[in-house]
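Next come the chains, spelled out residue by residue.
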Amino acid sequence: MLEKFCVHGGTPLSGTVRVHGSKNAALPILYSVLLTRGRTVLENVPPLRDVTSTLELLSTLGVKWERRPDGALELEVLREDGFEAPYDLVRKMRASIYALGPLLAKRGRARVSRPGGCNIGVRPIDLHLKGMLALGAEIRNEGGYVCAEAPHLTGRRIYLGGASGSTVSGTANVMMAAALARGTTVIEHAACEPEIADLARYLNACGAGIRGAGTPVVAIEGVSELRGCKYRVMPDRIEAGTFMIGAALTAGEVRVEGARFEHLAALIDALESAGACLQIEDDAVQVSSDGDFRPVDVTALPYPGFPTDLQSQITVLLSLANGISVVTEKIYPDRFIHVAELNRLGANVRKEGSLAIIHGVKRLSGAPVMASDLRASACLILAGLVANGMTEINRVYHIDRGYHRIEESLKGLGAQIERVPVEADSALLSLVPDASPELRERLGEYLQIAAAP
Ligand code: EPZ
């Protein structure tokens, strides 16, 4: 179903919101189930489209799974004959590259469609391949697929730094593969993101020997077997950060449960520098502001730097500051597609290479806009919450990949936001009443692309 969000701006967010489990922690953990024997029970896996696509792929690889009534996911590998992540699934979700390490380590072979670029940049996988080669795999590129083989993997020292610094998915992939390798692997220049530490905690609970995850040097002592276990996925720091920015932006007062200081220190610093008031608790952060913001310079960097996944959202807040802010993107230099849409709402942001130069304006004013990717959608919703009048955000399917019913969470805080079907789409879909959900979704995507300016 093709849908859009209609947001009436001007209501300060107020109350308490609990964040869901982390998408970017849950995805590699789900793939690492391929390394295990026996049953795994995962709590706090968010019900998102990327999770559904992952489960679809895991099913084709012999994993039986079910969502229990309490929301937990039960998974078990029943067959170990599959070794392919086909283009049709990878095309929908780049994270399918996470199949590479586990399939290679457990099944000796992997055939994974090479992910292409996306709206936020080129997104190479050379470091993933460097890691697998170092562990002893033979790799061929065939018809758009990475084909990797190794009768067994052998631990090594591997330097995983690239031109843009560390890689989150590359570190996770090598960590998963090395968990079942012979001997010890040491990853130098590993990504330090909390999601990497979460994956290591899950793997260690299954019997792996990983030390140092969450720091730049990770040592993985290979073991011969991993047994499934019960594990609770960490809270989503990016969803938490989005609500925290929303609270400050709308001059509201919100307690974000599941927001952890240690995951969000760079955002907390930026919000305080801009003039917001924050109170830190063990498992929550309370944010309030008077809506009067100072300009702040922000640089998106690997963890513990400011997260690139909150770069577009903080840009909204800075576009209402009293002065000029500079936002620098060091991870995805082209991740600025939201800028043109924000300017349609009256912001004054100029992109210069990998910088956004933001001249603060007094107010934003509602208009129809197009979301271009997951976090850009969140940025436009936040802008709608503070703009005068109504903002219509099209292509909401992007946001459903990473935020579970964001409009429900925001409505709980008093926001005036509705998810509404797009009429042209209903008219077209009525011509094919028997269309499968997959066909309806594809038609929706085509229509949105066709409607794009
Ligand atoms: C993860 O992507 C996240 N995705 C992204 O979140 C996030 O933006 C990104 O990390 C950075 O924090 C998932 O966790 C599923 P990287 P990932 O490999 O792992 C370069 C969202 O909105 N690089 O850490 O793919 C790359 O081009 C998403 O939830 C290489 O050069 O990102 C980039 O400049 C979007 N060679 C930098 O490293 C490689 O082999 C960091 O990318 C791999 C990456």
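Before going into details, it helps to say that this report is about the structure given with it.

Running from amino to carboxyl end, helix H1 (residues 23-32) crosses helix H7 (residues 194-205) at an angle of 30 degrees, the nearest separation of the two axes being 9 Å. At the point where H1 passes H7, the crossing takes the right-handed sense. Contact residues: Asn 24, Ala 25, Pro 28, Ile 29 and Ser 32 in H1; Glu 195, Asp 198, Leu 199, Tyr 202 and Leu 203 in H7. Here the residues of the contact of H1 with H7 sort into six nonpolar, two polar and two charged.

To continue, consider the site of the ligand. Close to the ligand lie 21 residues, the nearest being Thr 167, Val 168, Ser 169, Asp 309 and Ile 331. Interatomic distance of 3.3 Å between a backbone N/O atom of Pro 124 and an oxygen atom of the ligand. Ser 164 places a polar side-chain atom, nitrogen or oxygen, 3.2 Å from an oxygen atom of the ligand. Elements with a minimum of two residues in the shell around the ligand: H1, helix H5 (126-134), helix H6 (168-179) and helix H12 (374-386). If you tally residues by element for the shell around the ligand, the top one is H5, at three residues. Taken domain by domain, the shell around the ligand gets at least three of its residues from each of domain 1 (3-20 + 235-422) and domain 2 (23-232).

For a regular strand, side chains alternate in direction, first toward one face of the sheet and then toward the other. Relative to strand E23 (residues 355-359), strand E21 (residues 324-329) runs antiparallel, the two being bridged by five bridges. Residue pairing across strands places Ser 325 opposite Ile 358, the latter belonging to E23. Looking at chain direction, strand E22 (residues 348-352) and E23 are connected through five bridges and run antiparallel. Across the sheet, Glu 352 pairs through a bridge with Leu 355, a residue of E23. Where E22 hands over to E23, the hairpin turn is made up of two residues, of which Gly 353 adopts a positive phi near 60 degrees.

Its location among the elements puts Val 45 in the loop between strand E4 (39-43) and helix H2 (49-60). The exposure class of Val 45 is buried, given its relative accessible area of 4%. When the C-alpha atoms of Val 45 and Met 175 are compared, they prove to be 21 Å apart, with 130 residues separating the residues in sequence. Beyond its immediate chain neighbours, meaning those up to four positions away, Val 45 contacts Ala 26, Leu 30, Val 51, Arg 67, Leu 73 and Val 233.

This next bit is on the sheet that holds E21. Reading across the sheet, the four strands line up as E20-E21-E23-E22 and stay open at both edges, with mixed pairing between neighbours. Both outer strands of the open sheet, strand E20 (298-300) and E22, are each paired with one neighbouring strand and no more. Put simply, the sheet's adjacent strands are angled 15 degrees from each other on average, direction ignored. In the packing of helix H10 (residues 311-318) onto the sheet, contacts are made with E20, E21 and E23, and the angle to E21 comes to roughly 175 degrees.

This paragraph deals with the packing of H5 against H6. The geometry of a pair of packed helices is captured by two quantities: the angle between their axes and the separation between those axes. One way to put it is that H5 packs onto H6 with a least axis distance of 8 Å and a crossing angle of 20 degrees. Between H5 and H6, the angle is such that the two are roughly parallel. Here H5 and H6 pass one another in a crossing that is right-handed. Note on element contacts: H6 touches H5 through Ser 169, Gly 170, Asn 173, Val 174 and Ala 177, opposite His 128, Gly 131 and Met 132. Its residues assigned to classes, the contact of H5 with H6 shows three nonpolar, five polar and no charged.

Calculation notes
- Residues numbered from 1 in each chain as written.
- Predicted model: local features only at pLDDT ≥ 70, side-chain atom pairs only at ≥ 80, totals over all residues.
- Heavy atoms only, no water.
- Axes fitted to C-alpha atoms, helices over the stretch in contact; angles between N-to-C directions.
- Helix = DSSP H or I, 4+ residues; strand = E, 2+ residues; numbered from the N terminus.
- Left-handed = near helix turned anticlockwise from the far one by under 90°.
- Contact = heavy atoms within 4.5 Å.
- Nonpolar A, V, L, I, M, F, W, Y, C, P; charged D, E, K, R; others polar.
- Near = heavy atom within 4 Å.
- Polar contact = N/O pair within 3.5 Å; in protein donor to acceptor, adjacent residues only side chain to side chain.
- Domains from an automatic or database assignment.
- Pairing = 2+ DSSP bridges.
- Buried < 20%, exposed > 50% of the residue type's maximum accessible area, 1.4 Å probe, protein only.
- Parallel < 35°, antiparallel > 145°, perpendicular 65-115°, else oblique.

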